[in-house]
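Listed below, chain by chain, are the residues.
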Amino acid sequence: MSTLAAARYGKDNVRVYKVHRDEKAGTQTVVEMTVCVLLEGDIQTSYTRADNSVVVATDSIKNTIYITAKQQSVTTPEVFGSILGTHFVEKYSHIHAAHVNIITHRWVRMNINGKPHPHSFIKDSPETRNVQVDVVEGKGIDINSSINGLTVLKSTGSQFHGFLRDEFTTLKETWDRILSTDVTANWQWRRFNSVAEVKSHTAKFDAAWEAARNITLKTFAEDNSASVQATMYKMGELILDAAPLVETVEYALPNNHYFEIDLSWHKGTKNTGKDAEVYAPQSNPNGLIKCTVGRAAQKAKL
Ligand code: AZA
């Protein structure tokens, strides 16, 4: 005997572009997103008895994403995701949860001759702003916002010493090293009761994203880092201070290593320690450091 233990389905990788034309100012603004919507509810029989009567076709889900993008603002993604997810739960009595993931791609307005161009944009990095919105009937709306793929490097101002040494240790202590990482940072909002409540906080979502990004960059640059662990914790603390509705901040930082190269074999060339200039960037293996920073009395989840 078997049973359907869990099920959700929907449309993934729905690519959506929306332009906003400000006729008065003569400027246009664009948003490009990749959207995933997965539904849960009384859909078991579609798996166990080939009963398609309970299936909102994934094609209809895709159409709903387009229509909602036409009818509603897609900024902020937190509000758009809440409207979209709530639609499915309210429209179909047998759908009890909608899980919406939105990846917003980076299109930054070009500066031409020192002036912001009215309708031209550059993708200056693979960085994305993502949201995961979970709308659960009778419970509310959970929103997790994130920065992904923000790659940073500092050529000094990072140390790593005093770590545990035993018979497995070969790593040398360092008081001056290169530090580079691809930032994944996400922050979990306290639960919202309704779309109206999410909408009432619209401005806070952009503000939190901007604060999280600025804090990440400023702390990375300015902290004389004792370790990835110590620096990321400072970032998390500062984001919690900046965004009172945020309950937890989570970072996942790979340590993208740059190894010194001993070039003494070539005419005694000095290229280690204070003479190091040419390094070998490493693809793998890499350190991976994670943490969740919560308000006092909250437990970390890893
Ligand atoms: N944290 C660091 O910042 N650097 C490291 C580690 C670590 O845990 N391990 N090796 N190098």
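About the cut-offs
Residues numbered from 1 in each chain as written. Predicted model: local features only at pLDDT ≥ 70, side-chain atom pairs only at ≥ 80, totals over all residues. Heavy atoms only, no water. Salt bridge = Lys/Arg side-chain N within 4 Å of Asp/Glu carboxyl O. Helix = DSSP H or I, 4+ residues; strand = E, 2+ residues; numbered from the N terminus. Buried < 20%, exposed > 50% of the residue type's maximum accessible area, 1.4 Å probe, protein only. Contact = heavy atoms within 4.5 Å. Near = heavy atom within 4 Å. Polar contact = N/O pair within 3.5 Å; in protein donor to acceptor, adjacent residues only side chain to side chain. Areas by Shrake-Rupley, 256 points an atom, 1.4 Å probe, with all protein chains shown as cover. Nonpolar A, V, L, I, M, F, W, Y, C, P; charged D, E, K, R; others polar. Domains from an automatic or database assignment. Buried area = accessible area lost by both parts, 1.4 Å probe.

Our focus in this paragraph is the pattern of salt bridges. Pairing is possible between side chains that carry opposite charge, provided their charged atoms lie close to one another. Evaluated as defined, the whole model comprises 13 salt bridges. Its salt-bridge partner being R106, residue E127 comes within 3.9 Å of it at the nearest N-O pair. Here E127, found in the loop between β5 (115-122) and β6 (128-136), pairs with R106, found in the loop between β3 (95-104) and β4 (108-112); they are 21 residues apart in sequence, far enough to count as distant. Residue R129 pairs with D206 through a salt bridge whose shortest N-O separation is 2.8 Å. Remark: D206 occurs in helix α5 (residues 202-222) and R129 occurs in strand β6; sequence separation between them is 77 residues. Exposure remark for R129: the relative accessible area of 13% places this residue in the buried category. The partly exposed category is assigned to D206, whose relative accessible area is 35%. Each of the salt bridges in this network shares a partner with another, and the network as a whole consists of R106, D124, E127 and R213.

Turning to the side chain of S227, a few remarks are in order. In this structure, S227 sits in the loop between α5 and α6 (228-242). Residues in contact with S227, not counting those within four places in the same chain, are Q159, F160 and R177.

Right, let's get into the site of the ligand. Every residue lining the ligand is accounted for by F160, L171, R177, S227, V228, Q229, N255 and I289. Note that a nitrogen atom of the ligand is positioned 2.8 Å from one of the side-chain N or O atoms of Q229. N255 places a side-chain nitrogen or oxygen 3.4 Å from a nitrogen atom of the ligand. In the complex, the protein chains occlude 75% of the 270 Å² of accessible area that the ligand would expose alone. By residue class, the composition of the shell around the ligand is four nonpolar, three polar and one charged.

What follows covers the domain arrangement of the protein chain. Annotation of the protein chain at the domain level lists domain 1 (1-138) and domain 2 (150-302). Spacing between the C-alpha centres of domain 1 and domain 2 amounts to 29 Å. The interface of domain 1 with domain 2 comprises nine residues on the first partner and nine residues on the second. For the pair domain 1 and domain 2, the two sides together bury roughly 970 Å², of which 63% comes from carbon and sulfur. Ranking the residues of domain 1 by area buried against domain 2 places V79, E127 and R129 at the top, with a combined share of 48%. Along the contact surface separating domain 1 from domain 2 lie two salt bridges. Residues E127 and R213 are paired through a salt bridge, measuring 2.8 Å at the closest nitrogen-oxygen approach. Here domain 1 and domain 2 share two residue pairs in polar contact (both at pLDDT 80 or more) between them. Residue classes in the side of domain 1 that touches domain 2 are distributed as two nonpolar, three polar and four charged.

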